[in-house]
Amino acid sequence: MVDFDSNYRQTISGRLVSADKTFAAYNPATRKVIAEVPDASQAQLDDAVAAARAAFRAWRNSSVAERTHALNTIADLIEKNSESFMTLLTREQGKPRAGAQWEIMGSAIWCREIAKQTLPEEIVEDTADRRVVTRFSPLGVVGGIVPWNFPVLLAIWKIAPALVTGNTIIVKPSPFTPLCTLKLGELCRDVLPPGVLSVVSGGDDLGKWMTAHPGISKIAFTGHTDTGKDVMRSAAGTLKRITLELGGNDPAIVLADVDPKKIVPELFWAAFQNNAQFCNATKRLYVHEDVYDEVLKEMVTYSKSVKVGDGERPDTQLGPIQNQPQYEKVIEYFEDCRKHGYRFAVGGQIDRSAHGWFVPVTLVDNPPETSRIVTEEPFGPILPVLKWKDEADVIRRANDTVYGLGASVWGMDLEAVQRIGSQLEAGTVWLNEVHQYSPHQAFGGHKQSGIGCENSLHGLMEYTNWHTITLNKNAGFGRQSTTKAA
Ligand code: NAD
């Protein structure tokens, strides 16, 4: 039995390990410390890398059946402990119960579905003279670096493909949400040989040590675009493979033919799911001028009906901002809007004396296209609602960003919806829906939203090296050919 309420330790070489130093984990709804967490030393990272490299020798040769079984058993363990995971996730991350359930049960589903994926070897040529085969071999040790918005799911998005392709992996959760991941590592000790999966906890420096470590072959990173650039720079020192899943500034384009009342719940949750701490949250809502006033009015009404509070309360729909630095960052956007005189259609007032890092749902009425709230990623519940008239112009505005993670288009005229959608520069474009993900659907960003992708066989391939093996069946230097020649 794993105790989810205390004793948070790292998993290194199959052992539970504390550290000389610790740091605090907080409940964002109360600002209270809920745990002390090991702060890994560089020597502990070295131990984890040595164990992962040693484990790789056997794991790379394990059968597909063995790896599939391991991932399915991890899924079983997540499901069996789902109550404990959900409670702890709400406590450390702040997300309400429904969000915690989606993330934890989704993590189990991802394990099972990724376990079904394989990269078949490709027979390029098989003739009387030559046989050429391209195989997909594991890379070695993967370093998985994870943010705080979906700490468990985004760890699984790295663990599952790394393990099924025969790599070993060291996961570093965000220092703001380490607890569930540490417990996941502890549980997996019963499933995986020592060193196949390690979980180390620490601050940003630990991430930097990982990206520079010569014993790690690949970094699978999800986080901020600026951090992604640091990761890329540091990984260059050892030419590590990298997958970077970074920030976004997703536009949603709403056509004139929608029914405002019916569409507003969809648009609201597109923007505010997970309290807008979501890489793929709609961060710019472009509404056609014919329905702008009505959509905005309905958005205001709907916003007022949504309950913000402690995620542990059963009626809460949106939780707090997850951590204090992010809270301060989000407040800057409120202040910037106020300073420039932009109109808050709803929200806008922050009560700094609240017991948690709470921010009200806020809509900004048609701010300028060059404002910070439009051009940057606030990663909090403040959304600019923008007016458009001309189709070519709104497409240009939607694409006028360094980001390219996701986008959505909403309307009854399916031809127009598809025409507009096909011109949006983003890794995923949703048409009349949003936030539909699948283990079999490639997910990643264009432009500065990332490099590479996760999920699907394309994502799986990123955990492998191409390995082309050619055989000349009629070599002229052997005994047989000498005899033949004679
Ligand atoms: P962050 O970049 O601050 O931190 C992410 C992780 O990187 C943490 O574990 C952190 O400790 C570590 N880290 C920090 N500095 C590092 C460095 N120099 N080298 C190596 N590791 C380092 O991001 P965050 O604030 O935790 O997450 C929010 C960001 O993540 C947002 O920009 C959001 O859009 C993005 N995000 C992207 C996706 C996606 O799939 N594209 C998904 C979720 C979140």
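Residues numbered from 1 in each chain as written. Predicted model: local features only at pLDDT ≥ 70, side-chain atom pairs only at ≥ 80, totals over all residues. Heavy atoms only, no water.

**Focus on the packing of aromatic side chains**
Under the defined criterion, the tally for this structure stands at 15 aromatic pairs. A centroid spacing of 4.9 Å and a plane angle of 80° characterise the contact between Phe4 and Phe85, whose relative ring orientation is edge-to-face. Here the residue Phe4 occupies a position in the segment before strand 1 (10-12), and Phe85 occupies one in helix 3 (residues 82-93), the gap between them amounting to 81 residues. The exposure classification of Phe4 matches that of Phe85, with both residues buried. When the ring of Trp148 is compared with that of Phe379, the centres are 5.5 Å apart and the planes differ by 75°; the resulting orientation is edge-to-face. With Trp148 in the loop between strand 7 (141-145) and helix 5 (151-164) and Phe379 in the loop between helix 12 (372-375) and strand 16 (382-388), this residue pair connects regions lying 231 residues apart in the sequence. (Phe/Tyr/Trp six-rings, centres within 6.5 Å; stacked < 30°, edge-to-face > 60°. Helix = DSSP H or I, 4+ residues; strand = E, 2+ residues; numbered from the N terminus. Buried < 20%, exposed > 50% of the residue type's maximum accessible area, 1.4 Å probe, protein only.)

**Details of the site of the ligand**
As a matter of local geometry, the ligand sits amid 29 residues, with Lys172, Asp204, Thr227, Leu246 and Glu377 nearest to it. At a separation of 2.6 Å, an oxygen atom of the ligand approaches a polar side-chain atom of Glu377. Computed on the free molecule, the ligand has an accessible area of 850 Å², of which 92% lies beneath the protein chains in the complex. The pocket occupied by the ligand, as judged from atoms lying within 2 Å of grid points, is the largest pocket. (Near = heavy atom within 4 Å. Polar contact = N/O pair within 3.5 Å; in protein donor to acceptor, adjacent residues only side chain to side chain. Areas by Shrake-Rupley, 256 points an atom, 1.4 Å probe, with all protein chains shown as cover. 1 Å grid on protein atoms, 1.4 Å probe; cavity = no way out; pocket = protein on both sides within 12 Å on 5 of 7 lines; lining within 4 Å. Sits in = over half its atoms within 2 Å of the grid points.)

**Brief notes about the nonpolar core**
Among the nonpolar cores identified, the biggest contains 95 residues, and Ile74, Leu192 and Leu363 are the most heavily contacted of them. Tallying contributions element by element places helix 5 first for this core, with 11 residues. Excluding anything up to four places from it in sequence, Leu363 contacts Phe272, Leu296, Met299, Val300, Ser303, Arg343, Phe344, Ala345, Val346, Leu383 and Val385. Core analysis: the second largest hydrophobic core is formed by 30 residues, Tyr333, Val364, Val394 and Ala416 among them. (Core = buried A, V, L, I, M, F, W, Y, C linked by side-chain atoms within 4.5 Å. Contact = heavy atoms within 4.5 Å.)

**With respect to the sheet that holds strand 20 (residues 464-472)**
Strands sit in the order 5-6-20 across an open sheet of three strands; the sheet is antiparallel. Of all the strands in the sheet, just strand 5 (122-126) and strand 20 have a single pairing partner and so form its edges. Each strand axis lies, on average, 20° off the axis of its neighbour in the sheet, ignoring direction. One ladder, built from nine bridges, connects strand 6 (residues 130-138) with strand 20; its direction is antiparallel. Following the sheet pairing, Pro138 is matched in strand 20 by Thr464. (Pairing = 2+ DSSP bridges. Axes fitted to C-alpha atoms, helices over the stretch in contact; angles between N-to-C directions.)

**Focus on the packing of helix 5 against helix 6 (residues 179-188)**
It is the contact of helix 5 with helix 6, at a shortest axis distance of 9 Å, that shows an interaxial angle of 45°. Between helix 5 and helix 6, the angle is such that the two are oblique. Of the two elements, helix 5 crosses helix 6, and the hand of that crossing is right-handed. Here Pro151, Val152, Ala155, Ile156 and Ile159 of helix 5 lie close against helix 6, whose contacting residues are Cys180, Thr181 and Leu184. For the contact of helix 5 with helix 6, the residue count by class is seven nonpolar, one polar and no charged. (Parallel < 35°, antiparallel > 145°, perpendicular 65-115°, else oblique. Left-handed = near helix turned anticlockwise from the far one by under 90°. Nonpolar A, V, L, I, M, F, W, Y, C, P; charged D, E, K, R; others polar.)

**Focus: the environment of Glu121**
Here Glu121 lies in the loop between helix 4 (97-115) and strand 5. Along the sequence, Glu121 and Lys339 sit 218 residues apart, while their C-alpha atoms lie 60 Å from each other. Contacts of Glu121, omitting those with residues within four sequence positions, involve Arg131, Val133, Thr134 and Arg135.

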